[in-house]
Amino acid sequence: QEQLVESGGGLVQPGGSVRLSCTASKNIFSIYTMGWYRQAPGKQREAVAGITTQGVPKYADSVKGRFTISRDIAKNTVYLQMNSLNSGDTAVYYCVAGAGGNWPNYRDTRWGQGTQVTVSL
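Conventions adopted
Residues numbered from 1 in each chain as written. Predicted model: local features only at pLDDT ≥ 70, side-chain atom pairs only at ≥ 80, totals over all residues. Heavy atoms only, no water. Phe/Tyr/Trp six-rings, centres within 6.5 Å; stacked < 30°, edge-to-face > 60°. Helix = DSSP H or I, 4+ residues; strand = E, 2+ residues; numbered from the N terminus. Buried < 20%, exposed > 50% of the residue type's maximum accessible area, 1.4 Å probe, protein only. Disulfide = S-S within 2.5 Å. Polar contact = N/O pair within 3.5 Å; in protein donor to acceptor, adjacent residues only side chain to side chain. Contact = heavy atoms within 4.5 Å.

(A) The packing of aromatic side chains, seen in detail. Tallied over the full model, the rule gives four aromatic pairs. Measuring from ring centre to ring centre gives 5.0 Å for Y37 and W111, while their planes differ by 75 degrees; the resulting arrangement is edge-to-face. Note that Y37 is positioned in strand β4 (residues 33–39) and W111 in strand β10 (residues 105–111), a separation of 74 residues in sequence. For Y37, a relative accessible area of 12% gives the class buried. Classification of W111 by relative accessible area gives partly exposed; the value is 37%.

(B) Layout of the state of the cysteines. Evaluation of the coordinates by the stated rule reveals one disulfide. Between the sulfur atoms of C22 and its disulfide mate C95 the distance is 2.0 Å. In this structure, the disulfide formed by C22 and C95 twists by about -80 degrees around the S-S bond and is classed as left-handed. Here C22, found in strand β3 (residues 18–24), pairs with C95, found in strand β9 (residues 91–102); they are 73 residues apart in sequence, far enough to count as distant.

(C) Quick look at the side chain of R38. The residue R38 is located in strand β4 in this model. Within the local environment of R38, its side chain forms a polar contact with the side chain of E46, the two groups lying 2.7 Å apart. Separated by 3.0 Å, the side chains of R38 and Y93 make a polar contact. Not counting the four nearest positions on each side in its chain, R38 is found in contact with Q44, R45, E46, V48, S62, V63, F67, G88, D89, A91, V92 and Y93.

Right, here's the structure in full:
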């Protein structure tokens, strides 16, 4: 199973920023749409942002204007820059790679292990 290796996250104050990173194998990165989901306590997992193999970003309405997804093809890495964070952004964030569909629904989906982001004073 191809792996998605995440880094970043942690505790951040309201209004602050944090950047998540996810590195995939070259095979995955070149074929799959990369993105991020999140799951808050007691809530369903939801799509946050994705970036297609053509480099087209996709965002959930709740994060538009605050989050930016980008990628470094040479490093097989996708980033999620999160700004103006609030308590509603507290969740476990999962890197995801998807193929055979359109963001955020894919027939073939690979998941990272998840990284916690907590927005609190």
